[in-house]
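# Coordinate inspection notes
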Amino acid sequence: MIPALPLVTSMFGSSVVSQPLPPAQPAASIAGAPSEFGHVFSQVGEAIDTLKAGESAAISGLQGQTSVQNVVESVMSAERSLQTVVAIRDKVVSAYQTISQMAI
Amino acid sequence: MNDPIDSVIKIAGSGLESQSTRLRIVAENLANAQSTGTTPGSNPYARKTVTFESELDQALGVDLVKVKTIGIDKSPFRVEHDPGNPAADSNGIVKFPNVDLLMEMADLREANRSYEANLQVIKQANSLNSMTLDLLRTSS
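Definitions and limits used
- Residues numbered from 1 in each chain as written.
- Chains lettered and ligands numbered in written order.
- Predicted model: local features only at pLDDT ≥ 70, side-chain atom pairs only at ≥ 80, totals over all residues.
- Heavy atoms only, no water.
- Helix = DSSP H or I, 4+ residues; strand = E, 2+ residues; numbered from the N terminus.
- Contact = heavy atoms within 4.5 Å.
- Areas by Shrake-Rupley, 256 points an atom, 1.4 Å probe, with all protein chains shown as cover.
- Expected span 1.5 Å × (residues − 1).
- Buried < 20%, exposed > 50% of the residue type's maximum accessible area, 1.4 Å probe, protein only.
- Arc of directions from axis to C-beta.
- Axes fitted to C-alpha atoms, helices over the stretch in contact; angles between N-to-C directions.
- Parallel < 35°, antiparallel > 145°, perpendicular 65-115°, else oblique.
- Left-handed = near helix turned anticlockwise from the far one by under 90°.
- Nonpolar A, V, L, I, M, F, W, Y, C, P; charged D, E, K, R; others polar.
- pLDDT = per-residue confidence, 0-100.
- Buried area = accessible area lost by both parts, 1.4 Å probe.
- Salt bridge = Lys/Arg side-chain N within 4 Å of Asp/Glu carboxyl O.
- Polar contact = N/O pair within 3.5 Å; in protein donor to acceptor, adjacent residues only side chain to side chain.

## Let's talk about the overall build of chain B
On a plain count of helices and strands, chain B comes out with two helices and four strands. Each helix (α) and strand (β) of chain B, taken in turn from the N terminus, gives the series α-β-β-β-β-α. Over its C-alpha atoms, taken along the principal directions, chain B stretches across nearly 85 × 30 × 20 Å. Long-range contacts, defined here as pairs at least 24 residues apart, represent 61% of the contacts in chain B between residues at least 6 apart. Counting only carbon and sulfur atoms, one obtains 57% of the accessible surface of chain B, whose full area is about 8400 Å².

## Some details on the environment of Gly-41 of chain B
Residues and elements named next belong to chain B. Here Gly-41 shows up in the loop between helix 1 (4–31) and strand 1 (48–57). Separated by 49 residues in the primary sequence, Gly-41 and Ser-90 have C-alpha atoms spaced 7.8 Å apart. Each residue touching Gly-41, except ones within four places of it in the same chain, is listed here: Ala-87, Ala-88, Asp-89 and Lys-95.

## Details of helix 3 (residues 45–62) of chain A
Residue and element names in this part refer to chain A. When the terminal C-alpha atoms of helix 3 are compared, their 26 Å separation across 18 residues agrees well with the 26 Å that a helix rising 1.5 Å per residue should span. Of all the positions in helix 3, only Ala-47, Gly-54, Ala-57 and Ser-60 are classed as buried. The buried residues of helix 3 all sit within an arc of 150° when viewed along its axis, so they share a single face. Residues of helix 3 that are exposed and point over 90 degrees away from its buried face: Lys-52, Glu-55 and Leu-62. Where helix 3 is buried, its residues contact helix 4 (68–100). A positive phi of about 75° marks Gly-64, the residue just after helix 3.

## Structural notes on the side chain of Gln-69 of chain A
Within the secondary structure layout, Gln-69 of chain A lies in helix 4. If sequence neighbours within four positions are ignored, Gln-69 of chain A has contacts with Leu-16, Glu-17, Ser-20 and Tyr-115 of chain B.

## Points about the packing of helix 1 of chain B against helix 2 (residues 101–138) of chain B
All names here are of chain B. Their axes nearest at 9 Å, the elements helix 1 and helix 2 cross at an angle of 160°. Viewed along their axes, helix 1 and helix 2 adopt a mutual orientation that is roughly antiparallel. Relative to helix 2, helix 1 is oriented so that their crossing is left-handed. Partitioned by chemical class, the residues of the contact of helix 1 with helix 2 number 18 nonpolar, nine polar and four charged.

## Side note on the confidence of the model for chain A
Residue and element names in this part refer to chain A. Scored by pLDDT, chain A has a mean of 72; 62% of the residues are at 70 or more. Looking at the elements of chain A, mean pLDDT is at its lowest for helix 1 (residues 4–17), recorded as 44, and at its highest for helix 4, recorded as 89. Taken together, the stretch residues 5–30 has pLDDT below 50 and engages in eight contacts with residues farther than four places along the chain or on a different chain.

## Considerations on the interface of chain B and chain A
Between chain B and chain A, the residue contacts involve 17 residues of the former and eleven residues of the latter. Counting the surface lost from both chain B and chain A, the interface buries some 1300 Å², and carbon and sulfur atoms represent 53% of this. Ranking the residues of chain B by area buried against chain A places Glu-17, Leu-133 and Leu-136 of chain B at the top, with a combined share of 34%. At the surface where chain B touches chain A, the tally comes to one salt bridge. A salt bridge links Arg-80 of chain A to Asp-6 of chain B, with the shortest nitrogen-to-oxygen separation between them at 2.3 Å. At the junction of chain B and chain A, the tally comes to three residue pairs in polar contact (both at pLDDT 80 or more). Taken together, the elements giving at least two residues each to the side of chain B that touches chain A come down to helix 1 and helix 2 of chain B.

## Some thoughts on the pattern of salt bridges
If the charged atoms of two oppositely charged side chains come close together, the side chains can form a pair. All names here are of chain B. The final tally for this structure, using the stated rule, is twelve salt bridges over all chains. Among the salt bridges present, the one from Arg-22 reaches Asp-107, with a minimum N-O distance of 3.1 Å. Highlighted residues: Arg-22 in helix 1 and Asp-107 in helix 2, separated in sequence by 85 residues. By relative accessible area, Arg-22 is classed as buried at 9%. Several salt bridges converge on common partners, so that one network encompasses Arg-22, Asp-107 and Glu-110.

## A closer look at the environment of Ala-103 of chain A
Residue and element names in this part refer to chain A. Looking at where Ala-103 falls in the secondary structure, it is placed in the segment after helix 4. For Ala-103, a relative accessible area of 76% gives the class exposed. Taking the C-alpha atoms as reference, Ala-103 lies 57 Å from Thr-66; in sequence the two are 37 residues apart.

The following block contains the structure:
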């Protein structure tokens, strides 16, 4: 029983302590996806473009310059982008809080 | 890779636009069902037809639908003997548009059904999308 502890430390020691782990990059392998929380928020540019497209479609729809189908399609697309961004943001924030409240 | 649900909504949106164009053509035909020519013996309004074709969307890699041509129905005009009409020729014959109300009503109903089908596709795609996003919300 007692020799088990040094055995465990030697098992981990060889892989963890003596050689520092390379920075974990599980997400980076997926087509350059960000690996930090902060990066998630810098990726919302495309979603904002969709929102802007929805807005301008709505305005030109009010002016009668585009079909109502087009307006509905753009606005719905913007809504879906916003919902996706908000859902991911909530998830990221809650993950961040989980980590920051972790007992050390 | 694009989101398939985004593509679905775009495709169904192109269906909506095409069917509303078709509806517009039906409206034109119905409204002009009695439009004769202005000068004696001249041709009246000719019934319009609409055809569709698929159009590849390069960005999404999907086939949308669009109106190919708005053509003219070449079937013969309906003729009536009405010498008092300004459009009557020397024999008193007036040419009326080749619009068949029954055919237009059938076309109207078909456009309506097709439009509803595309709307239903959009509704389904939207609800699937929000259900999927709800997974992210409620699992925490």
